[in-house]
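Fold and contact review
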Amino acid sequence: MDTTLDVLKVIHVINAILMAWPFYALVTVNQRVSLGPPLGDRADTYMENIIKNRTLPCFVLQSIALVTGLLLVFLHGLGLDALVANPILGLKLLLLLIIAALLTYVHTTLQPQIDALFAKAGGHPVPQELGQQIAKLRLRRKRIASVCLFVVLTAAMLGVQAWALFPFWLTIVLVIGIATLTRRAYSSVTRWI
Ligand code: HEM
């Protein structure tokens, strides 16, 4: 049983590492901004393809986080009521549901709208009016990626205190640190990390 628990923990942690994609998505979109016009060239096709092809892996990673997380709870001899009794576990579950909802929105609504606008432009250069609409939707997608990054890092930080709570002040300090890192990833090309 101990070995199973250990292996599950490793899978849960490796899975969490792979969920850092929003950070690298932000690096990518900020680099695209640095590159400048024209909108609709091969750089956009390349970036859009990478971003939209990450959707399925992201759903898979979220599912693995949920399954391994719940199994970890069960292997500790607890039931589903632990998700209510232990606020950290309940919060982790809630955070996972939030990013699943955001990913679903991007996949079913936002990304198809961006794709449709690029398709309407029919190759570059994208007319100014379409370009403005694309920029607006891309900005919304970027903000959502930042929320996802913040949520994933917060869920990882909470995981460390699943069985023994940190002092409240420390949790707040760590949340502020995560928010600062997320803000930096959102607004710069993050040259040093
Ligand atoms: C965004 C999703 C999630 C991420 C990024 C994440 C990340 C992590 C990380 C990095 C750890 C390791 C902490 C350490 O080294 O001590 C951890 C532990 C843990 N996580 Fe998650 N987690 C997520 C979702 C969940 C969910 C949904 C559950 C179950 C409701 C869960 C249950 C647990 C448990 C029980 C532990 C403690 C494992 C142990 O030490 O026995 N996690 N999590």
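Residues numbered from 1 in each chain as written. Predicted model: local features only at pLDDT ≥ 70, side-chain atom pairs only at ≥ 80, totals over all residues. Heavy atoms only, no water.

Considering helix α6 (residues 87–121)
Taking 1.5 Å of rise per residue, the 35 residues of α6 would be expected to cover 51 Å, and the 49 Å separating its terminal C-alpha atoms lies within 8% of that figure. When the local axis directions of α6 are compared, the greatest deviation, roughly 40°, occurs at V106. Put simply, N86 is the residue that caps the front of α6, since its side-chain oxygen is 3.0 Å from the backbone nitrogen of I88. Looking one or two residues past α6, G122 carries a phi angle of roughly 60°, positive in sign. (Helix = DSSP H or I, 4+ residues; strand = E, 2+ residues; numbered from the N terminus. Expected span 1.5 Å × (residues − 1). Bend = angle between axes of the 7 residues up to and from the residue. Polar contact = N/O pair within 3.5 Å; in protein donor to acceptor, adjacent residues only side chain to side chain.)

Quick look at the site of the ligand
What surrounds the ligand is a group of 22 residues, the closest being H12, G69, H76, K92 and W163. Between the ligand and H76, the relevant distance is 3.4 Å, taken from an oxygen atom to a side-chain nitrogen or oxygen of the residue. Mapped onto the shell around the ligand, the elements with two or more residues apiece are α1 (2–18), α4 (55–75), α6 and α7 (128–160). For the shell around the ligand, the residue count by class is 16 nonpolar, four polar and two charged. (Near = heavy atom within 4 Å. Nonpolar A, V, L, I, M, F, W, Y, C, P; charged D, E, K, R; others polar.)

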